[in-house]
Structures are given as structure tokens and as C-alpha cells.
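# Per-entry structural report
Residue-level listing of the chains:
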Amino acid sequence: MSQVFSEETHRNLLARIPQCTGREISDWLRAVEDGPALLRFEEKVSWLRHEHHLAYGHAKAIVHEYDLRRAARRLL
């Protein structure tokens, strides 16, 4: 089972991603959107880790944020 981050931890991870990776969150969200059509959360995390050499926490935060924003778009 995957580790669950608190909202505060999630926000802190997102805030550090641009400094750690040299890319903005919007770039990473676009990468997930344009990446392979993976259905499961952990598959997306694994793809980001291996394709883009991200740390587990950063990859998980990106996918979680992607899922949150995608869900919010569906509600509109």
C-alpha cells in the first residue's frame, strides 16, 4: 500500500519540485497528461520515476496534484 501524505506535506513537496528538478509544476503536469495512457496511480508514479529520474515523493506529489486538478475539471 502506498504512503499517504498529509495536505501540508503534499504542498511542501510541490513547492520544492521546481528547485529540485528545474521544471515548474505545470511542466510536470503536462508531462503526465502527454505521457503514456496509464490508468493506475502507482503506474504513473513509476513512469515518472523511471522516465524522468524523479524521487518517489516528488513523482507521487505530481501525480496526486494531476489527479486533483483533473477531478476539479470534471466538476466544472
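Above this note sits the structure.
Attention in this report is confined to the structure presented alongside it.

Thresholds applied
Residues numbered from 1 in each chain as written. Predicted model: local features only at pLDDT ≥ 70, side-chain atom pairs only at ≥ 80, totals over all residues. Heavy atoms only, no water. Helix = DSSP H or I, 4+ residues; strand = E, 2+ residues; numbered from the N terminus. Expected span 1.5 Å × (residues − 1). Bend = angle between axes of the 7 residues up to and from the residue. Buried < 20%, exposed > 50% of the residue type's maximum accessible area, 1.4 Å probe, protein only. Contact = heavy atoms within 4.5 Å. Phe/Tyr/Trp six-rings, centres within 6.5 Å; stacked < 30°, edge-to-face > 60°. Lys NZ or Arg CZ within 6 Å of the ring centre and 35° of its normal.

### Re helix 1 (residues 7-21)
Under the 1.5 Å per step criterion, the end-to-end length of helix 1 is 21 Å for 15 residues, consistent within 8% with the ideal 21 Å. Helix geometry: helix 1 is bent most strongly at Ala15, by close to 30°, with proline Pro18 lying one to four residues after it. All of the buried residues along helix 1 are His10, Leu13, Leu14 and Ile17. On its buried face, helix 1 is in contact with helix 2 (25-34) and helix 4 (56-75). Looking at the residues trailing helix 1, positive phi occurs at Gly22, about 80°.

### Considering the packing of aromatic side chains
For the structure on display, the rule yields zero aromatic pairs. Geometry around Trp28 places Arg23 over its ring, the cationic atom sitting 4.0 Å from the centre.

### Quick word on helix 4
The terminal C-alpha atoms of helix 4 lie 29 Å apart, and with 20 residues this matches the ideal 28 Å at 1.5 Å per residue to within 8%. Gly57, His58, Ala59, Lys60, Ala61, Ile62, Val63, Glu65 and Tyr66 are the residues of helix 4 that are buried.

All we've got here are geometric facts, nothing functional implied.
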